[in-house]
Protein chains: 2
Amino acid sequence: MAATIKDIARETGLSLATISKYLNGGVLREKNRAAIERAIEKLDYHVNEYARGLKSNRSRTVGVVIPELSNLFVTQIISVVEGVLQEQGYSVVICDCRTDEERECRAVRFLLDKRVDGIINMPVCADGRHLRPAVERGIPILLLDRPLDALGGVASCVLLNNENAARMATRRLLELGHRRIGILVGPKDIYTSRMRLKGYRAALEEYGVTPAEELIAYGDYTLEGGHRQICRLLEEAEGMTAAFVTNYEMTLGTLIALNERGVRIPQELSLIGFDNMDLSRVARPPLTIVSQPLEEIGLQAARLMLERFSGERTAPVTVALSASLQEGKSTRRRRT
Amino acid sequence: MAATIKDIARETGLSLATISKYLNGGVLREKNRAAIERAIEKLDYHVNEYARGLKSNRSRTVGVVIPELSNLFVTQIISVVEGVLQEQGYSVVICDCRTDEERECRAVRFLLDKRVDGIINMPVCADGRHLRPAVERGIPILLLDRPLDALGGVASCVLLNNENAARMATRRLLELGHRRIGILVGPKDIYTSRMRLKGYRAALEEYGVTPAEELIAYGDYTLEGGHRQICRLLEEAEGMTAAFVTNYEMTLGTLIALNERGVRIPQELSLIGFDNMDLSRVARPPLTIVSQPLEEIGLQAARLMLERFSGERTAPVTVALSASLQEGKSTRRRRT
DNA sequence: TCAAATAAACGAAACGTTTCGTTTTCTTTA
DNA sequence: TAAAGAAAACGAAACGTTTCGTTTATTTGA
């Protein structure tokens, strides 16, 4: 049915090898090139990626393994990645592992079976064991959002400078005179969580404030967790005048809780949230938030992957990007 | 490097044909089956999808073309679709066309080049011209969210019963005594928009209320559009005591605008929004919303596609699902 | 103008499967 | 127990490319 390279060869009187050369960007006589192009047009020829993949063992496909597809933080990045890669003729196969290590393992194996040329992963499993098979096969790996030290530096990584981001937000609250600043971080063992906490501590120390343990709440990066933990802080952390919530879902949870309890922002509590612009505008008052450069993260990820493919870059690198503080009206100077 | 079917054949002393039969679920002697399984395990054999695809002309891949990847409505559906298809060994290639008809065309062609077995599409281009090449090749097409009559019924379709959804929401407001009910719909020429408007009108007529044109605002399904149009309604639609906003982004825009203007909900305006549960909880007061069965939509879409593949179903069908009304506290009885 | 050097085109094999028509092996049944 | 029938395994060709070693055509320099 569909035209093949053979049809083009017959039509032009050239050999298969020559057509293939054309298809792969080789140099050939101008009149032959023209003839081939004419034939391709006429026969509506399209390369059969399967035949090509079989021979060349490359699929022009990149696998993306993410913890959650219905998460704006994730999709905004992936959307950019997909756009860039598609432009270069690569398809993107997305696997949503639903924050499940077992599924994540399976996803990687699935993608390897599909002979993807590279894997982009926002890792769930902290020891990186799910990526072992990919490392063994030597295919390029790019990590998003969190590094995986256990991989021994074979993977590139694009992430936020979490420490600085948290430090910046905390500083802002300190500048406004707050000293009892609560923080909601994620699970203790998660990289972003540790780093954000580190930044928070660093800022406090900068201002000569001793971090009080009762002001630190470990949530689980979910809406419910945020809700629960902010309630705990409100009840147990006496004298708290400001709070910094370190991801989007928990920021949502916090807002819900504060609304329920009638805690006024910023009169009773100054609040800095994380990640989502729309939310910061719809909330009342508009929220001050730490905003990640999602577009840039996606661009860098795609770029790094493409550079690995083209051979421009062989050694893995880590790219750390900076967050910005989006000013809203949810903070105010502490009354002295 | 990697083991092939030949290696399995050598290891087991069986022929290629037999191994292939095993791989494709054929029936064979128990001891041969066991031997093959042992060999596969031992040699860590994995099917080469490219060789298989070349022969069988099937890719075990489904293309998904969507208008926007960073849109919860879309991703929640796609997430389900991906999960189901993956379980059946299919990969999902996602193309985000950014609500651009030209890109949408290109995406379809791209997927055809990739020899996808089927295409799932939430169409942007209303005349379906982008799908023509797919129709010609006879590959199964499944439309999400909106039908495409111009395709002449060759595509299956999974969508919301938009008319009923809007009628239900409008009825609710009517029951509460409201008579001057504003509605924010999308662009006039968009299917969902037309249907939702139709449902609104139907409900009004049911209650003997003549729909007033000044209560109908055509937005563009964006946050900004929602913001602008609700402002217009507030200014021009005298005596409006309730409003129904028919998608998520515009609901966000509406909330922002109402907050800005200090319009109290539900005291001054009863509000029913659309689509997103989290928002309905974080907003203050919690929002009453029309909620789409996203999970079900995804399941049906995947199921229908798989049935086409397996040959269980040959004729295209349209599945219309019902929305539910999620009660919040953003509506109240009109004071008489 | 002719040989040497360079550039372009060619032929054939290979990639790892599936499939179809055939042969071999196993079960029945008389 | 042998022949017939059913079930399972086999062999070989084909799918549409790429690639490597070789041949043919073109250009260059003397």
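Remember, predicted model here, so these are calculated numbers, not experimental data.

The parts lose accessible area when they come together, and the size of an interface is often stated as this lost area. Taken together, the contact between chain A and chain B spans 49 residues of the former and 49 residues of the latter. Taken together, both faces of the contact between chain A and chain B bury some 4600 Å²; the carbon and sulfur share is 55%. Where chain A touches chain B, the interface holds 0 salt bridges. Between chain A and chain B we count 14 residue pairs in polar contact (both at pLDDT 80 or more) in total. Of all the secondary-structure elements, those providing two or more residues to the side of chain A that touches chain B are α4 (49-56), α5 (72-87), β2 (91-96), α6 (101-113), α10 (223-236), α11 (248-261) and α12 (277-282) of chain A. Per-element tally for the side of chain A that touches chain B: the top contributor is α5 of chain A, with 9 residues. A class-by-class count of the residues in the side of chain A that touches chain B yields 20 nonpolar, 16 polar and 13 charged.

On to the protein's contact with DNA strand D, then. Residues in contact with DNA strand D amount to 26 residues; listed here are only the nearest, S20 and K55 of chain A together with S15, L28 and N32 of chain B. When the atoms of DNA strand D within 4 Å of the protein are sorted by group, sugar and phosphate make up 69%. Side-chain polar atom of N24 of chain A to a phosphate oxygen of DNA strand D: 3.1 Å apart, as the coordinates give it. For the surface near DNA strand D, the secondary structure elements donating two or more residues are α2 (16-23) and α4 of chain A together with α2 (16-23) and α4 (49-56) of chain B. Among the elements that line the surface near DNA strand D, the one with the most residues is α4 of chain A, at 4 residues. A class-by-class count of the residues in the surface near DNA strand D yields 11 nonpolar, 9 polar and 6 charged.

Turning our eyes to something else, we now look at the pairing of strand β3 (residues 118-121) of chain A. All names here are of chain A. Burial along β3 is two-sided: G118 and I120 facing one way and I119 and N121 facing the other are all buried. Direction of pairing for β3 relative to strand β4 (residues 141-144): parallel, over a ladder of 3 bridges. Bridge pairing in β4 links N121 to L143. You can see the chain leave β3, run along helix α7 (residues 132-137) and come back into β4, and the turn it takes is right-handed.

Looking now at the packing of aromatic side chains. Residue and element names in this part refer to chain A. Counted by the stated rule, this structure contains 5 aromatic pairs over all chains. Ring geometry for Y90 against F309: centres 5.0 Å apart, planes inclined by 20 degrees, an arrangement best described as stacked. Within this pair, whereas Y90 is found in the loop between α5 and β2, its partner F309 is found in helix α13 (residues 294-310), the two being separated by 219 residues in sequence. Looking at K188, its charged tip hangs above the ring of Y218, at a distance of 4.6 Å from the centre.

With that settled, consider the sheet that holds strand β8 (residues 242-245) of chain A. Residue and element names in this part refer to chain A. Reading across from one edge, β7-β6-β8-β9-β10-β12 is the order of the 6 strands in this open sheet, with mixed pairing throughout. Only two strands of the sheet have a single neighbouring strand rather than two, namely β7 (216-218) and β12 (324-326). On average, each strand axis in the sheet is inclined to that of its neighbour by 20 degrees, with strand direction left out of account. Direction of pairing for strand β9 (residues 270-274) relative to strand β10 (residues 288-291): parallel, over a ladder of 3 bridges. Paired with I272 across the strands is T288, a residue of β10. Sitting on the sheet, helix α8 (residues 162-175) touches β6 (181-185), β8, β9, β10 and β12, and the angle it makes with β8 is about 165 degrees. Along the sheet, α11 contacts β6, β8 and β9; its crossing angle with β9, the most-contacted strand, is approximately 150 degrees.

As a further point, take the protein's contact with DNA strand C. With respect to spatial proximity, 25 residues lie near DNA strand C, and among them S15, R29 and N32 of chain A together with S20 and K55 of chain B are the closest. In DNA strand C, atoms within 4 Å of the protein come 70% from sugar and phosphate. Here a phosphate oxygen of DNA strand C and a backbone polar atom of I5 of chain B are 2.7 Å apart. Within the side chain of Y45 of chain B, one N or O atom sits 2.7 Å away from a phosphate oxygen of DNA strand C. Listed by contribution, the elements that provide at least two residues to the surface near DNA strand C are α2 and α4 of chain A together with α2 and α4 of chain B. Ranked by the residues each element gives to the surface near DNA strand C, the list is headed by α4 of chain B, at 4 residues. The residue makeup of the surface near DNA strand C, split by class, is 11 nonpolar, 9 polar and 5 charged.

Definitions and limits used
Residues numbered from 1 in each chain as written. Chains lettered and ligands numbered in written order. Predicted model: local features only at pLDDT ≥ 70, side-chain atom pairs only at ≥ 80, totals over all residues. Heavy atoms only, no water. Contact = heavy atoms within 4.5 Å. Buried area = accessible area lost by both parts, 1.4 Å probe. Salt bridge = Lys/Arg side-chain N within 4 Å of Asp/Glu carboxyl O. Polar contact = N/O pair within 3.5 Å; in protein donor to acceptor, adjacent residues only side chain to side chain. Helix = DSSP H or I, 4+ residues; strand = E, 2+ residues; numbered from the N terminus. Nonpolar A, V, L, I, M, F, W, Y, C, P; charged D, E, K, R; others polar. Near = heavy atom within 4 Å. Buried < 20%, exposed > 50% of the residue type's maximum accessible area, 1.4 Å probe, protein only. Pairing = 2+ DSSP bridges. Right-handed = clockwise from strand over helix to strand, strands pointing away. Phe/Tyr/Trp six-rings, centres within 6.5 Å; stacked < 30°, edge-to-face > 60°. Lys NZ or Arg CZ within 6 Å of the ring centre and 35° of its normal. Axes fitted to C-alpha atoms, helices over the stretch in contact; angles between N-to-C directions.

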